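Chain by chain, the residues run as shown.
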Amino acid sequence: MITAPEASLSARVNPFAPDPDLQVWMDGQLVPVGEAKVGVFDHGLLYGDGVFEGIRIYGGKIFKEREHIERVYESARCIALEIPMTPEQLSAAMREAMGANEIVDGYIRLLVTRGVGRLGIAIQKAACPSVIVIAASIQLYPPEVYERGLNCVTAGTLRNHPQTVSPRVKSLNYLNNILAKLEATNAGADEAILFNPSGHATEGTGDNLFVFRKGVLRTPPVSCGVLDGITREIVMDLARRRGIEVCESILIRHDIYVADEVFLTGTAAEVVPVVSLDKRLIGDGKPGPITKQLMADFVAYRSE
Ligand code: PMP
């Protein structure tokens with residue numbers, strides 16, 4: 001039953017409110033987070049019309065900056081969104097946001113929205129895209145998760161078909177992923193693995209998928225409908241440097257159940273072990289040696 005809230009909506013206290021001292025870079029200036037407001041007519045809000053990036057800062061440096069900037073321009077190009085800044089200006093904006101908040105190890109959320117416009121989905125109804133840069137801290141999973149590994153479920157929610165909004169576009173609409181994550185939470189699991197309409201494994205709700213079996217490390221090809229992850233690329237390279245055979249191949253649920261090891265990769269999660277899928281233990285149900293090796297290699301790589 002839906003009951004009326006006791007307090008007025010505007011009097012509610014948000015337990016997840018950001019640190020009020022946070023400075024956000026918005027369309028050319030730094031503003032306190034309380035004043036960093038998106039208009040209700042912004043098509044990013046009205047229609048999820050926009051793109052974003054999540055970027056790490058390690059030791060005061062923007063990690064894989066060029067790759068993230070390239071990807072945000074590619075995402076924008078795919079949705080015919082013109083970013084009203086040059087890559088150099090974007091980079092300077094990220095540095096300003098980082099500096100203003102004295103972030104040495106943290107995370108940048110870069111967003112480009114279609115901007116405030118008229119009602120109606122036509123992109124001609126919004127002529128001024130907005131650029132927002134948030135530099136803050138992040139902890140996706142607590143440290144114990146990296147020790148014990150994630151318990152996952154198969155999501156009933158399918159990954160976007162590549163012929164809808166391509167999963168290569170990091171768009172402001174993550175509802176598929178959000179619903180898959182909810183399925184995991186409802187099942188008492190940590191994370192969900194999404195499949196495509198052909199039944200092929202794609203990725204987690206915000207991370208790429210790797211499966212290790214009999215000496216070969218496999219990850220679904222981007223054409224299966226996955227984000228072309230920047231961490232995915234690094235981890236494939238790190239594995240090859242260890243002499244491990246790496247290939248991009250179609251994987252079905254069975255391949256995950258019978259794997260020796262499984263892990264996910266992403267900017268926020270980095271490299272995180274997966275120890276079960278649908279209550280089937282992967283290997284012996286503990287993070288395996290290859291996963292641990294690549295986790296360590298990633299830590300060394302990011303601080304190079
Ligand atoms: N897949 C999805 C759906 C993502 O949102 C992300 C980024 N969080 C990734 C994979 C991992 O990509 P990257 O390593 O570039 O962060």
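For clarity, every value in this text was computed on a predicted model and none was experimentally measured.

Undergrad: Summarise the environment of Glu248; cite the residues concerned and give the values.
TA: Assignment of secondary structure puts Glu248 in strand 12 (residues 245–248). Taking the C-alpha atoms as reference, Glu248 lies 9.4 Å from Phe210; in sequence the two are 38 residues apart. The contacts of Glu248, once residues within four sequence positions are left out, are Thr219, Pro220, Pro221, Val222, Arg232 and Met236. In terms of polar contacts, Glu248 uses its side chain to reach the side chain of Arg232, at 2.7 Å.

Undergrad: Before we move on, can you summarise the pairing of strand 12 with the specific residues and values?
TA: Strand direction decides the pairing type here: strand 11 (residues 216–219) and strand 12, joined by four bridges, are parallel. For Val216, the partnering residue across the bridge sits in strand 12 and is Glu245.

Undergrad: With reference to specific residues and values, describe the pattern of salt bridges.
TA: Counted by the stated rule, this structure contains 16 salt bridges. Between Arg232 and Glu233 there is a salt bridge, with the nearest N and O atoms lying 4.0 Å from each other. Given a relative accessible area of 1%, Arg232 falls into the buried group. Taking the relative accessible area as the measure of exposure, Glu233 reaches 41% and is therefore partly exposed. Where Asp278 meets Arg253, a salt bridge forms, and the shortest distance between an N and an O atom there is 3.3 Å. Of the two residues, Asp278 is situated in the loop between strand 14 (270–277) and strand 15 (280–281) and Arg253 in helix 7 (residues 253–257); the sequence distance between them amounts to 25 residues. Since its relative accessible area comes to 37%, Arg253 is described here as partly exposed. Linked by salt bridges that have partners in common, Arg168, Asp228, Arg232, Glu233 and Glu248 make up one network.

Conventions used here
- Residues numbered from 1 in each chain as written.
- Predicted model: local features only at pLDDT ≥ 70, side-chain atom pairs only at ≥ 80, totals over all residues.
- Heavy atoms only, no water.
- Helix = DSSP H or I, 4+ residues; strand = E, 2+ residues; numbered from the N terminus.
- Contact = heavy atoms within 4.5 Å.
- Polar contact = N/O pair within 3.5 Å; in protein donor to acceptor, adjacent residues only side chain to side chain.
- Pairing = 2+ DSSP bridges.
- Salt bridge = Lys/Arg side-chain N within 4 Å of Asp/Glu carboxyl O.
- Buried < 20%, exposed > 50% of the residue type's maximum accessible area, 1.4 Å probe, protein only.

Spatial relationships are all this shows, so hold off on functional conclusions.
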